[in-house]
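Fold and geometry: a report
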Amino acid sequence: HRLRVRVHQPRTGARATALAEPTAGSDEVLRYMPPAKRLPGIGALAVMRAVSLLVWMYATGCVFFPMAAISWVFDRLRDPVRRRLVDFVIRTWARAVVLPFFKVKVEGVENLPPPGNNCVFVANHASFMDILSVLHVPRSFKFISKASIFKIPIIGWTMKAADHIGLERMDRRSQVEVFRKSVKKLQDGSSLFIFPEGTRSKDSKMLDFKAKGAFAMAKRSNAPLLPMTILGTGRIMPGGKEYLLYPGGSGVKVVIHKLIPAEEVQGMDDAELVAQARAAVQSGLPEEYRGDP
């Protein structure tokens, strides 16, 4: 018998960070994607579940908002910039909200930076449930959200207590101020979580990375970048249909990819950095949901 030896040339440099990762197996991850057809009458159940989630969110908020308010007092004295105690309360609240409705699995926790180290998280965006799902990641970070969300009772108040960042999308001055504030937060040690697609995908297929500010912020503040893939949220609550919450099935999986270190972020031009992060996020999706290259 002849022995066949296959020689692989090692990849080097920043690009290898994402390309060396195993890509998602379609059989495994397709169960997290929206089905071609749903059972008759399931829509009515989904509406009732969505209403139940909203009621449950506010019911639990009556418990967790006072806890966040108390935590805010302590954070103002001991951790006024990062406000990690308020963040912990919010993460606990998010877990309590989704617990009766669907399960969330976080994979790749070993790729997170050590506690106390910051980064810019970037991920695909297919559902309003993405926010509650990524709050299962055991790290403190700030969202950049529409300013209107901060006006929602209890939810908006809690986000203000944690010092998340509000953006008026159509206001150029607001965009400049958000960029400045975000860079300052990163320089002061906080992490940011940004959805570079800029909007929710309606069919769970990945969109173009239109909001490239996340990458400019990482470069300006000399912060590392951490790509993540969110699976299953578009199946549970499709983008743009927040009045529906379908039964969880396989639930949600959040895949944390390998960190792109700050020195590699600085060493790449903008287009290469965006492509690197996008390829990492895509690697966690079935091929037919990865969008355009």
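Residues numbered from 1 in each chain as written. Predicted model: local features only at pLDDT ≥ 70, side-chain atom pairs only at ≥ 80, totals over all residues. Heavy atoms only, no water.

1. Regarding the confidence of the model for the protein
Cut-off, in case you're wondering: You can read pLDDT as the predictor saying how much it trusts each residue, on a scale of 0 to 100. By the convention used here, residues are in contact when the closest approach between their heavy atoms is within 4.5 Å.
Across the protein, the average pLDDT comes to 90, with 91% of residues at or above 70. For the stretch residues 1-23, pLDDT sits under 50, and the model shows 19 contacts to residues farther than four places along the chain or on other chains.

2. Quick word on helix α8 (residues 213-221)
In an α-helix, one full turn covers 3.6 residues, which means residues spaced three or four apart are oriented alike. To keep things clear, this is the line we draw: Remark: exposure states derive from per-residue accessible area (1.4 Å probe, protein chains only) relative to the maximum for the residue type, with buried under 20%, exposed over 50%, and partly exposed in between. Helix and strand definitions follow DSSP, with helices as H or I runs of at least four residues and strands as E runs of at least two, each counted in order from the N terminus.
Within the span of α8, buried status applies to Ala214, Phe215, Met217, Ala218, Lys219 and Ser221. The first or second residue beyond α8 is asparagine 222, which carries a positive phi of 60°.

3. Here we look at the side chain of arginine 49
Let me state the cut-off plainly: Counted as positive: Lys and Arg. Counted as negative: Asp and Glu. His and the chain ends are not counted at all. Salt bridges are defined as contacts in which a side-chain nitrogen from Lys or Arg sits within 4 Å of a carboxyl oxygen from Asp or Glu.
By secondary structure assignment, the location of arginine 49 is in helix α3 (residues 42-78). Among buried Asp, Glu, Lys and Arg side chains, arginine 49 stands out as unpaired, with aspartate 130 the closest opposite charge at 14 Å. Residues in contact with arginine 49, not counting those within four places in the same chain, are Phe101, Leu245, Tyr246, Pro247 and Gly248.

4. So, the sheet that holds strand β6 (residues 225-231)
Note the threshold: Strand pairing is assigned whenever DSSP detects at least two bridges linking the two strands. Axes, fitted as lines to C-alpha atoms, cover a helix only where it is in contact. Angles between the N-to-C directions of the axes lie from 0 to 180 degrees.
Spatially, the seven strands line up as an open sheet ordered β1-β7-β6-β2-β5-β3-β4, and their pairing is mixed. The open sheet has two edge strands, β1 (104-107) and β4 (165-167), and neither has a second partner. Put simply, the sheet's adjacent strands are angled 25° from each other on average, direction ignored. Looking at chain direction, strand β3 (residues 142-146) and strand β5 (residues 192-194) are connected through two bridges and run parallel. If you follow lysine 142 over to β5, its bridge partner there is leucine 192. The sheet contacts of helix α7 (residues 172-187) involve β2 (120-123), β3, β4 and β5, and relative to β4 the element is tilted by about 160°.

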